[in-house]
Amino acid sequence: MSTDAQIKEMVKQKYSEIALQDKEGNASSCCGASSCSTEVYNIMTDDYSQLEGYNPDADLNLGCGLPTQFAKIKKGDTVIDLGSGAGNDCFIARQETGEGGKVIGIDFTPAMVEKARANAEKINFNNVEFRQGDIEKMPVSANTADVVVSNCVLNLVPNKDGVFKEIIRVLKPGGHFSISDIVLVGSLPSKIQEAAEMYAGCVSGAIQKQEYLDLIANNGFTDITVQKEKAIVVPDDILSAYLSKEEIEAFRSSGTGIFSVTVYAEKPVEAKACCGPDCCS
């Protein structure tokens, strides 16, 4: 994982494998909805099933929060979902924005985009679309979205600063985002940081919580609020693939915390243009 390109290719391959599983296979595997913990992908997920618009076919249990629950989506809004997977958050956002709005899902894994499009066709949502693309360079025009959501995706992207620059570009002035992600307080063991599977599972790609919030502020967002936070405990049977018993004990006692956070922030309304010797009030 020495280069950004190699990291992104590894993530794409892993999530392509998950997307290509059938529903029964996904439900019985540790990448899916089972309770086994020999994979890291499913240990952080929240229960979507009570939210309106929930589509079980689109729920691969890969998230770490419920960003749409906090996203303040209104009827008629245009919503962009970053790392849209099989479409779960998009369909819930569609329930909020209604027939008069629009939802755009962006994912860089072709198999996920294909799966999401098939799910949208089944439920006949003609104002939900899925685009293949990189969220560091979104296939979306500037000032398009009222709301941006994302669920456990930015921690998979090496250039997180680039993603926040893209978010503020595609949001309309006065628009906002609600993003669930994984952050750290303290340092992970080097063996965890270097593990490809732990990166694809959203752990070793996470950055410090304060660094994450600083990135948001430094890109010009305002009203930054942590809407929800929960601690993530990585089970010993996962850690034992990378750490000895003694190393696990040292990690547990180190004070390092892994957290799922849902963060809200707004793009400022742009200043009005000057209309003469004195600017408009």
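Located above this text is the structure these notes cover.
Not measured: the values here are computed from a predicted model.

Visitor: Help me understand the overall build of the protein, please; the structure alone is not making it clear to me.
Guide: For the protein, the helix and strand inventory stands at 11 helices and eight strands. Within the protein, buried positions represent 52% of all 281 residues. In the protein, the proportion of contacts linking residues at least 24 apart, taken out of those at least 6 apart, comes to 76%. Taken as a whole, the protein presents about 12,500 Å² of accessible surface, with 49% of it coming from carbon and sulfur.

Visitor: Help me understand the packing of helix H6 (residues 160–170) against helix H9 (residues 209–218) in this model?
Guide: For any two helices packed against each other, the geometry is given by the interaxial angle and the distance between the axes. In contact at an axis separation of 9 Å, H6 and H9 are set at 35° when each is read in the N-to-C sense. Judged by the twist between their axes, the crossing of H6 over H9 is right-handed. The residues of H9 that touch H6, namely those facing Lys160, Asp161 and Phe164, are Tyr212, Leu215 and Ile216. Of the residues contributing to the contact of H6 with H9, the split by class is four nonpolar, no polar and two charged.

Visitor: How do you make sense of the nonpolar core when you look at a structure like this?
Guide: Here is a general trend for soluble globular proteins: nonpolar side chains tend to be buried in one another's company. Membership of the largest hydrophobic core comes to 31 residues, with the highest contact counts inside it found for Phe164, Ile167 and Phe177. For this core, the elements supplying multiple residues, two or more each, are strand S1 (78–82), strand S2 (102–107), strand S4 (145–151), H6, strand S5 (171–185), H9 and strand S8 (257–266). Element by element, the count of residues in this core is highest for H6, at five residues. Excluding residues within four positions of it along the chain, Phe164 makes contact with Leu154, Phe177, Ile179, Tyr212, Leu215, Ile216, Asn219 and Phe221.

Visitor: Explanation requested: H9 in the structure shown.
Guide: Given 3.6 residues to a turn, an α-helix orients residues that are three or four positions apart in the same direction. Looking at H9, one finds that the buried residues are Tyr212, Leu213, Leu215 and Ile216. End-on view of H9: buried residues confined to an arc of 150°, all on one side of the axis. Summarising the contacts, the buried residues of H9 are in contact with H6, S5, strand S6 (207–208), strand S7 (222–232) and S8. Immediately beyond the C-terminal end of H9, within one or two residues, lies Gly220, with a positive phi of roughly 95°.

Visitor: Even after reading the chapter, I still don't get the pattern of salt bridges, so can you show me in this structure?
Guide: Should their charged atoms come close, side chains of opposite charge can pair. In total, this model carries eight salt bridges according to the counting rule given. Close ionic contact of Glu129 with Lys102 constitutes a salt bridge, the shortest N to O distance being 3.1 Å. With Glu129 in strand S3 (residues 128–132) and Lys102 in strand S2, the pair connects residues that are 27 residues apart, well separated along the chain. Assessed through its relative accessible area of 27%, Glu129 is described here as partly exposed. Overall, the relative accessible area of 33% leaves Lys102 in the partly exposed class. Two residues, Lys165 and Asp161, come together in a salt bridge whose shortest N-O distance is 2.7 Å.

Visitor: Would you mind going over the pairing of S1 with me for this structure?
Guide: Within a regular strand, the side chains alternate between the two sheet faces. Buried residues dominate S1, accounting for five of its five residues. Side-chain alternation along S1 places Thr78, Ile80 and Leu82 on one buried face and Val79 and Asp81 on a second face that is also buried. Across five bridges, S1 lies against S2 in parallel orientation. Note on S2: the bridge partner recorded for Ile80 is Ile104. After leaving S1, the chain enters helix H4 (residues 88–97) and then returns to the sheet as S2, a path that is right-handed. Across four bridges, S1 lies against S4 in parallel orientation. When the bridges of S4 are listed, Leu82 appears paired with Ser150.

Visitor: What exactly am I supposed to notice about the pairing of S2 here?
Guide: Within S2, five of the six residues are buried, leaving the element largely enclosed by the surrounding structure. Summarising the sheet, S2 and S3 pair through five bridges and their orientation is parallel. Across the sheet, the residue bridging to Ile104 is Glu129, located in S3. One crossover worth recording links S2 to the parallel S3 by way of helix H5 (residues 110–122), and it is right-handed.

Visitor: Just checking my understanding: could you explain the packing of aromatic side chains for this structure?
Guide: We describe a pair of aromatic rings using the distance from one ring centre to the other and the angle between the two ring planes. For the structure on display, the rule yields five aromatic pairs. An aromatic cluster of at least three residues, connected via ring pairs, comprises Phe164, Phe177, Tyr212 and Phe221. Residue placement shows Lys72 over the ring face of Tyr264; its charged tip is 4.3 Å from the ring centre. The ring of Phe125 has Arg94 sitting right over it, with the charged end atom 4.3 Å from the ring centre.

Rules behind the numbers
Residues numbered from 1 in each chain as written. Predicted model: local features only at pLDDT ≥ 70, side-chain atom pairs only at ≥ 80, totals over all residues. Heavy atoms only, no water. Helix = DSSP H or I, 4+ residues; strand = E, 2+ residues; numbered from the N terminus. Buried < 20%, exposed > 50% of the residue type's maximum accessible area, 1.4 Å probe, protein only. Contact = heavy atoms within 4.5 Å. Areas by Shrake-Rupley, 256 points an atom, 1.4 Å probe, with all protein chains shown as cover. Axes fitted to C-alpha atoms, helices over the stretch in contact; angles between N-to-C directions. Left-handed = near helix turned anticlockwise from the far one by under 90°. Nonpolar A, V, L, I, M, F, W, Y, C, P; charged D, E, K, R; others polar. Core = buried A, V, L, I, M, F, W, Y, C linked by side-chain atoms within 4.5 Å. Arc of directions from axis to C-beta. Salt bridge = Lys/Arg side-chain N within 4 Å of Asp/Glu carboxyl O. Pairing = 2+ DSSP bridges. Right-handed = clockwise from strand over helix to strand, strands pointing away. Phe/Tyr/Trp six-rings, centres within 6.5 Å; stacked < 30°, edge-to-face > 60°. Lys NZ or Arg CZ within 6 Å of the ring centre and 35° of its normal.

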